[in-house]
Amino acid sequence: MAKKLQNDASTWEECKENSTSKGKYEVTQEERRETWTGRFDFFLSNVGYAVGIGNIWRFPYLCYKNGGGSFLIPYITFMILGALPMFLLEYSLGQFSSNGPISVWKICPLMKGLGYAMVITSAIFCIYFNVMMGYVLYFLYHSLTSVLPWSTCDNEWNTEFCYISKPSNTSTSNISSITGNNTGDLKMSSSEEFWSYNVLQITSGIEDMGNIRLELLLCLFIFWFIVFLCLYKGIKVSGKIVYMTAIFPYIVLIIFLIRVVTLPGATDGILFYVVPQWDKLLSTKVWGEAALQIFYSTSMGWGGLLTFASYNKFHDNMYGNAMIVPAVNCGTSIFAGFITFSTLGFMALNKGTTVDKVLNQGPGLVFITYPEAISSFPISPVWAVLFFLMLFTIGIDTQFGTIETVLSALTDEFPKLFRRRKVLLTGVICLIEFILGIPLVMQGGMYVLQIVDWYCAIFSVMTVCILETIIIGWIYGANRFYEDIELMIGRKPCIWWSICWKFITPVILVMMLVFNMTQITPVSYGTYQYPQWAIAVGWIIGMISVIPIPIYMVVDLWDANGTLLQRLKQRLKPAPNYGPNMDTVYDKSWQTKDNFSPHYTTHSTENQTML
């Protein structure tokens, strides 16, 4: 083996020498694939990517409606059995191949459609997620005032049904703290009216899209422009920006926690959060939603984890990060839960009601409940600015990973076309995504956003993860994959991860997929029920990113040679040029070439393809 490796190495060096000396092709620094300038860049970028707005509103809501502390038990269980194995799998796969989410599937060419599924899902997610970040900028702008506009009922957008929530010192059954016209269900808090009648200027339904909200369009453009400025220079710049954007939210969260736990009523909210309702553990719905939450919040199967790991140096020890990042994500959700439920306890006392009647789902928590609570704080504009700055930094981190997934996929798959033009590619993608987001900032845009959010990744991401575990655990082989990891970090992981990849994790993922298919309800927005054609459009959106998987399989088998069985066996094997990037492996830090695994053909993803 050593002799073969020496011959491979000398052949590679000769190939590189000929390519430059004879003028066939010279790989410039601009064309070389980037790597992180430091390991902490990689860690913080992954934390920022995995920790998103969902940790602030989706987790507390699910915990709220599924038994408080009882929800934490299945949540942590699925973090151990689902998130940790998938993080190690995607980190190892991305780092070993130094390829983005499309080219990485040289490990199993037949399944290259998985990469396209990841890219399409991430691209769709960027469209509506940045619209939500446009809302954040809008709220941030309106927080720069002495009196928060959603704290009063004397604005031009307010109706006669507006009321202001005032502190109540009476029992929770007393609702005298609510002022305004007693008109039953027509009553809306000042924060609700600001959201519906000022921010959205929402129409009666998706049938009436209304006009473009020019203020939201401007906010959307500004956010996309910020994303472009942060990404066009590549990860060497964005990897430094995350030092601020990934750390700042935790500073704000700590400040908020200190503030909200001292509020009257906070204890009631915390008790509601931490005291389990044990009967809930017998419900499959609780376990199913806990699995879905840990699945979505950690961003497995979206391509971002593969992308970030692909920029690692070959011998970086990603094993530790694969354990720490999911734990940080889970811990952030639990930590944010204390802030949320302390705030809800305070709001329940103010409204003269109980904690279980305060919380709103989805955007309502971020853009109605939180602003309403903040308006009751002393020096409320300062708290509002801090809160929406925190949401902004969380969102920008998520976009780093999501857009970089698309960029990395295209530049790695088409290096001649895009690698020298990455700035232009970044600008074009940001512009296209901005244009596609325009319908979502119309007066009826929230109805469209709700559809896309409801169906976007409902099947595609889970399908991708299931197939990933099957490919690594059974087709490529867990033992073979262990050799790859040993080649990178110098030791093999314990047998536990092999058991997870082959049995435990795919079973959990299949159960989640079945749960989603059987439990999903038609999309709705508040009391508004969507027409059947809109629901059909939602299903189409949900299936768009899944379709490339079978289509690519059919096309790939059609282009192969031999009988159907021979083609299948051939295309399930790793491609001849699958393996580590030789520019990374044969560098000064690589002391023993004899460690190189014998089942790979030496190559460089940047050079050999071009020669």
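Before reading further, recall that the structure is shown in the block above.
Just so you know, these numbers come straight off a predicted model, no measurement behind them.

Colleague: Sorry if this is basic, but what is going on with the overall build of the protein chain here?
Modeller: When you go through the protein chain residue by residue, the secondary structure sums to 24 helices and 4 strands. When burial is assessed residue by residue, the protein chain has 58% of its 611 residues classed as buried. Just so you have it, the protein chain exposes about 24,500 Å², and 64% of that area is on carbon and sulfur atoms.

Colleague: Help me understand the packing of helix 2 (residues 39–50) against helix 8 (residues 235–245), please; the structure alone is not making it clear to me.
Modeller: Packed helices, taken two at a time, are described by the angle between their axes plus the distance between the axes. Where helix 2 meets helix 8, the axes come as close as 9 Å, and the angle between the chain directions of the two elements is 60°. As far as their axial angle goes, helix 8 and helix 2 are oblique. Both helix 2 and helix 8 take part in a crossing whose hand is left-handed. Along its contact with helix 2, which presents F40, D41, L44 and S45, the element helix 8 presents G239, K240, V242 and Y243. Taken together, the residues of the contact of helix 2 with helix 8 sort by class into 4 nonpolar, 2 polar and 2 charged.

Colleague: How do you make sense of helix 18 (residues 445–455) when you look at a structure like this?
Modeller: Residue pairs three or four apart in sequence face the same way in an α-helix, which turns once every 3.6 residues. Of all the 11 residues making up helix 18, 8 are buried; the element is thus mostly covered by neighbouring parts of the structure. Three or more residues of helix 18 are buried, namely G445, M446, Y447, L449, Q450, I451, V452 and Y455. On its buried side, helix 18 packs onto helix 5 (113–143), helix 6 (190–200), strand 3 (524–525), strand 4 (528–529) and helix 21 (532–544).

Colleague: Looking at this model, I keep getting lost on the packing of aromatic side chains. Mind explaining?
Modeller: Here the distance between the centres and the angle between the planes together describe a pair of aromatic rings. Tallying each qualifying case throughout the model produces 57 aromatic pairs. Sitting over the face of the ring of F377, R259 holds its NZ or CZ atom 5.2 Å from the ring centroid.

Colleague: Just to check I follow, could you spell out the side chain of E468 for this structure?
Modeller: Here E468 lies in helix 19 (residues 460–489). Residue E468 is classed as buried on the basis of its relative accessible area, which comes to 0%. Sequence-distant contacts of E468, defined by excluding residues within four places in its chain, comprise M86, L89, E90, W105, M118, G301 and L306.

Here is what the cut-offs are and how they apply
- Residues numbered from 1 in each chain as written.
- Predicted model: local features only at pLDDT ≥ 70, side-chain atom pairs only at ≥ 80, totals over all residues.
- Heavy atoms only, no water.
- Helix = DSSP H or I, 4+ residues; strand = E, 2+ residues; numbered from the N terminus.
- Buried < 20%, exposed > 50% of the residue type's maximum accessible area, 1.4 Å probe, protein only.
- Areas by Shrake-Rupley, 256 points an atom, 1.4 Å probe, with all protein chains shown as cover.
- Axes fitted to C-alpha atoms, helices over the stretch in contact; angles between N-to-C directions.
- Parallel < 35°, antiparallel > 145°, perpendicular 65-115°, else oblique.
- Left-handed = near helix turned anticlockwise from the far one by under 90°.
- Contact = heavy atoms within 4.5 Å.
- Nonpolar A, V, L, I, M, F, W, Y, C, P; charged D, E, K, R; others polar.
- Phe/Tyr/Trp six-rings, centres within 6.5 Å; stacked < 30°, edge-to-face > 60°.
- Lys NZ or Arg CZ within 6 Å of the ring centre and 35° of its normal.

By themselves these figures say nothing about function.
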